[in-house]
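# Fold and contact review
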Amino acid sequence: DSPMMNRMLAFEWRALRADRAAALVAVVYTLVLAYALWNGWNWTRFQQHTLTQIDEEESLRLTEMADQIRMIEAKGLKVPSHSDPRLPGAVGMGSGALHAKLPPHPLALLSIGQSDLQPYYYRVTTRGRTAMPGSDEIENPLHLLSGRFDISFAIVFLLPLMVLALSYNLLSGERENGTLAIVMSNPVPLARILTAKLTVRAGLVSAVIATAAIVALALSGDVASVLLWTLAVIAYAAFWFAVAVAVNARGKASAANAVTLAVIWLGFVLLLPLTASVAAQSIYPVPSRVEMIQAMRAATNEANRAGAKVLAQFFEEHPDLAPAGGQVDPSDFMARYYAVQNNVESRMRPVLDSYDRQLENQQALAATFRFLSPAILMQETLNDISGTSAHRYRHFRSQVDRYQAEWQNWFTPKIFRQVRFAADDLSALPRFRYVPEPFADTASRVSLSIAVMLALAAGLFALTTGSLRRYAVLGALALLMILGAPHAALAQ
């Protein structure tokens with residue numbers, strides 16, 4: 001059996017190499033992967049460069065502030081309170097503001113995912129969450145709508161087309177040529193012939209995937225994530241090979257197989273994901289961002305008009321910060337400004353929470369839809385492995401919120417007690433340190449998706465076994481040729 005299988009594999013490999021269409025598909029797809037990898041690498045390099053610039057700007061700014069403090073103290077200069085680097089209010093609200101930064105995942109070059117939509121750094125001040133929505137980068141909406149071309153796109157959308165182009169006529173092609181009957185005249189089961197054909201084509205696809213994985217490993221150095229990524233892509237390819245085999249086992253012509261597979265690809269890769277996205281947005285609509293910003297402005301204006309009252313109310317709620325003697329100075333700009341911001345933050349918290357809650361509901365509903373389409377399942381899996389999923393950005397945002405609270409708690413007592421910073425005090429400002437999610441947590445999440453895709457592939461292969469027993473080895477054309485041969489001989 002083994003020598004026979006080896007000969008069949010060798011023959012199928014020679015036949016596949018001689019097929020110019022198959023070679024062209026493999027070459028074109030390899031070039032597409034190379035371009036997608038280059039595009040993803042450029043995007044991650046841009047993010048890293050941006051974060052490096054932020055680090056350099058912060059270091060330079062704090063150094064200049066320390067020099068200003070030394071000069072003010074040495075010369076006894078008078079500086080306006082809003083720009084005095086010694087006052088905690090001015091430092092915490094602006095001049096000393098630092099950033100919370102999310103570094104790109106080592107494998108982010110394989111899947112841009114939501115990294116072009118979600119902020120990967122926040123400028124943290126004592127103004128709180130109300131200042132964050134206006135700190136995002138400005139991006140072309142058309143670019144955000146169309147997305148960026150990356151390896152993930154090439155895998156989810158184009159890998160099935162490569163698989164189907166190589167496999168749509170696994171059996172029907174030879175049957176239409178009349179060679180399948182000749183092959184079947186040998187004591188070889190049809191399932192074994194199909195296995196040989198499938199093995200060679202799967203080997204070609206796996207070689208292309210392995211090449212991309214090796215390049216990604218060389219660029220990222222993250223062995224565990226690359227192995228998990230490779231396993232996920234192989235599982236996805238196995239599903240589409242199973243679909244091709246199931247369609248071939250129906251015994252239809254090659255043209256009919258191609259049309260059927262194209263419809264299946266269209267439904268799974270385009271229509272179902274689009275329907276799931278529209279359904280999630282319709283069921284859980286996100287409040288208007290413009291209305292949210294307008295509400296912030298209205299709340300700020302109202303709090304500013306009642307500044308003295310807001311300041312007094314703040315001290316009632318925080319008696320430990322009240323000045324000695326209990327006399328509130330309504331002309332204290334920094335204290336009044338902070339009290340106003342705290343009031344706006346409290347009033348806007350339900351609006352901001354509603355905004356975040358609706359986004360989380362959308363993502364949760366979309367997650368339930370992922371099992372309807374292997375494309376959705378694969379996209380979320382690749383994003384999760386590459387660190388560009390909504391889950392990682394929620395993990396980052398939760399750390400940003402904690403850092404925001406730490407920043408405010410550090411500055412608040414100093415603002416109301418009118419502490420003055422020395423030059424060396426700036427080095428004690430709270431710093432953000434991102435704590436990545438353990439790899440085991442990511443692996444446990446994506447393992448279910450990979451198992452589902454493998455189970456679907458195995459199920460389709462199992463269902464195909466019964467169809468192969470009823471497969472008509474002779475096609476209509478070959479049958480007519482055989483039946484017509486005696487009549488042609490009599491005619492001569």
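Residues numbered from 1 in each chain as written. Predicted model: local features only at pLDDT ≥ 70, side-chain atom pairs only at ≥ 80, totals over all residues. Heavy atoms only, no water.

## Remarks on the overall build of the protein
Applied cut-off: In this description a helix means any DSSP run of H or I spanning at least four residues, a strand means any run of E spanning at least two, and both kinds are numbered starting from the N terminus. Exposure classes here rest on a 1.4 Å probe applied to the protein chains alone. A residue is buried below 20% of its type maximum, exposed above 50%, and partly exposed in between. Whether two residues are in contact is decided by their heavy atoms: any pair within 4.5 Å suffices. Here, Shrake-Rupley sampling with a 1.4 Å probe gives the accessible areas, and only protein chains in the shown set may cover a residue.
Each helix and strand counted, the protein has 17 helices and two strands in total. Counting only residues that meet the buried cut, the protein has 43% of its 492 residues in that class. Considering only contacts within the protein whose residues lie at least 6 apart along the sequence, 84% involve residues at least 24 apart. For the protein, the accessible surface area stands at approximately 25,000 Å², while carbon and sulfur atoms represent 62% of it.

## What to know about helix 15 (residues 390-416)
Counted only if it meets this: Each residue after the first adds 1.5 Å to the expected span of a helix.
Over its 27 residues, helix 15 runs 38 Å from end to end, which matches the ideal 39 Å to within 8%, given 1.5 Å per residue. Just past helix 15, the residue Gln418 takes up positive phi, approximately 55°.

## A word on the side chain of Ser225
The test is simple: Throughout this description, a polar contact denotes any pair of N or O atoms lying within 3.5 Å of each other; where both atoms belong to protein, one of them has to be capable of donating a hydrogen while the other can accept it, and for residues adjacent in sequence the pair is counted only when both atoms sit in side chains.
Within the fold, Ser225 resides in helix 9 (residues 223-248). Under the relative-accessibility criterion, Ser225 is labelled buried at 2%. A polar side-chain atom of Ser225 sits 2.9 Å from a polar atom in the side chain of Asp222. Setting aside residues no more than four positions away along its own chain, Ser225 makes contact with His105, Leu107, Ile385 and Phe439.

## Section: the pattern of salt bridges
Keep this limit in mind: Any carboxyl oxygen of Asp or Glu that lies within 4 Å of a side-chain nitrogen of Lys or Arg is treated as forming a salt bridge with it.
A full pass over the atoms with the stated rule returns eleven salt bridges. Salt-bridge contacts for Asp55 lead to Lys101; the nearest nitrogen and oxygen are separated by 3.2 Å. Taken together, the residues Asp55 in helix 2 (residues 20-75) and Lys101 in strand 1 (residues 98-101) connect sequence positions 46 residues apart. Overall, Lys101 belongs to the buried group, its relative accessible area being 17%. The shortest N-O distance in the salt bridge between Arg86 and Asp84 comes to 3.0 Å. Taken together, the shared-partner salt bridges connect Glu12, Lys197 and Arg201 into one network.

## Quick word on empty space enclosed by the protein
Condition: The distinction between a cavity and a pocket rests on a 1 Å grid over the protein atoms alone: a 1.4 Å probe fits inside a cavity but cannot get out, while a pocket stays open yet meets protein on both sides within 12 Å along at least five of seven lines, and a residue with an atom within 4 Å of a point counts as lining. Grid points are joined across faces, edges and corners, and a volume is the space filled by probe spheres set on the points. Classification convention: Asp, Glu, Lys, Arg as charged; Ala, Val, Leu, Ile, Met, Phe, Trp, Tyr, Cys, Pro as nonpolar; all other residues, Gly among them, as polar.
Scanning the model with the defined rule gives one cavity of 30 Å³ or more in all. There is about 60 Å³ of room inside the largest cavity. Together, 13 residues line the largest cavity, and Gln47, Pro103, Pro104, Arg392 and Tyr393 are the ones closest to its centre. Taken together, the residues of the lining of the largest cavity break down into six nonpolar, six polar and one charged.

## Section: the environment of Leu372
Structurally, Leu372 is set in the loop between helix 13 (333-369) and helix 14 (374-386). Separated by 104 residues in sequence, Leu372 and Phe268 place their C-alpha atoms 8.1 Å apart. Sequence-distant contacts of Leu372, that is, excluding residues within four places in its chain, are made with Phe268 and Leu272.

## So, a nonpolar patch on the surface
Applied cut-off: To count toward a patch, a residue needs a relative accessible area above 30% and no salt bridge. Like charges then connect within 9 Å, nonpolar side chains (Val, Leu, Ile, Met, Phe, Trp, Tyr) within 5 Å.
Together, Tyr35, Trp38, Trp41, Val215 and Leu219 make up a nonpolar patch on the protein surface, roughly 500 Å² of accessible area in all. Elements supplying a minimum of two residues to the nonpolar patch: helix 2 and helix 8 (190-220). The biggest single contributor to the nonpolar patch is helix 2, with three residues. Of note, Val215 is situated in helix 8.

## Overview of the pairing of strand 1
Where we set the bar: Here a strand pair is declared whenever DSSP counts at least two bridges between the two strands.
Along strand 1, one buried face is formed by Leu98 and Ala100 and the opposite face, lined by His99 and Lys101, is buried too. Looking at chain direction, strand 1 and strand 2 (residues 121-124) are connected through four bridges and run antiparallel. When the bridges of strand 2 are listed, Leu98 appears paired with Val124.

## Focus: the side chain of Thr230
As for its position among the elements, Thr230 is in helix 9. A polar atom in the side chain of Thr230 sits 2.8 Å from the backbone oxygen of Val226. Those residues within four positions of Thr230 in sequence are excluded, and the remaining contacts are Ile209 and Ala213.

## Description of the packing of helix 5 (residues 151-167) against helix 14
We apply this condition: To define axes, lines are fitted to C-alpha atoms, for helices over the stretch in contact only, and angles between the resulting N-to-C directions are given on a 0 to 180 degree scale. The labels follow the angle: roughly parallel below 35 degrees, roughly antiparallel above 145, roughly perpendicular from 65 to 115, and oblique for the rest. Should the near helix be turned anticlockwise from the far one by less than a right angle, the crossing is termed left-handed; should it be turned clockwise, right-handed.
With their axes 10 Å apart at the nearest point, helix 5 and helix 14 run at an angle of 160° to one another. One way to sum up the angle between helix 5 and helix 14 is to call them roughly antiparallel. The crossing of helix 5 and helix 14 is right-handed. Where helix 5 approaches helix 14, its residues Ser152, Ile155 and Val156 are matched on the opposing element by Ala375, Met378, Gln379, Leu382 and Asn383.

## What to know about the packing of helix 9 against helix 16 (residues 439-469)
For the pair helix 9 and helix 16, the least separation of the axes is 8 Å and the interaxial angle reads 20°. It follows from the interaxial angle that helix 9 and helix 16 lie roughly parallel. Note that helix 9 runs across helix 16; the crossing there is left-handed.

## Considering the packing of aromatic side chains
Heads up, the rule is: Centres within 6.5 Å are what make two rings of Phe, Tyr or Trp a pair, Trp counting through its six-membered ring; a difference in plane orientation under 30 degrees is then read as stacked, over 60 as edge-to-face, and the rest as tilted. Note on criteria: charge over ring means Lys NZ or Arg CZ within 6 Å of the ring centre, with the direction from the centre no more than 35 degrees off the ring normal.
This structure, assessed with the given rule, holds 19 aromatic pairs. Counting every residue linked through ring pairs, the aromatic cluster contains Tyr122, Phe396, Tyr403, Trp407, Trp410, Phe411, Phe421, Phe432 and Tyr434. Positioned above the aromatic ring of Trp410, the side-chain terminus of Lys414 is 4.1 Å from the ring centre.

## A short note on the environment of Met93
Relative to the elements of secondary structure, Met93 occurs in helix 3 (residues 88-95). C-alpha separation for the pair Met93 and Gln408, spaced 315 residues apart in sequence, amounts to 9.6 Å.

## A word on helix 16
Under the convention used in this document: Two axes define the bend at a residue: one fitted to the seven residues ending there, one fitted to the seven starting there, and the bend is the angle between them.
In this model helix 16 runs 45 Å from its N-terminal to its C-terminal C-alpha over 31 residues, within 8% of the 45 Å that 1.5 Å per residue would give. The axis of helix 16 is deflected most strongly, by about 30°, at Val446. By the burial criterion, the buried members of helix 16 are Thr442, Ala443, Val446, Ser449, Ile450, Met453, Ala457, Thr464, Gly466 and Leu468. In this structure, the buried residues of helix 16 make contact with helix 8, helix 9 and helix 14.

## Here's the deal with the confidence of the model for the protein
How we decide: A residue's pLDDT is the confidence the predictor assigns to it, expressed on a 0 to 100 scale.
Within the protein, residue pLDDT values average 82, and 79% of them lie at 70 or more. Throughout residues 476-480 the model reports pLDDT below 50, and contacts reaching past four residues in sequence, or to other chains, amount to four contacts. Within the model, pLDDT remains below 50 along residues 485-492, and this stretch shows zero contacts once partners closer than five positions in the same chain are excluded.

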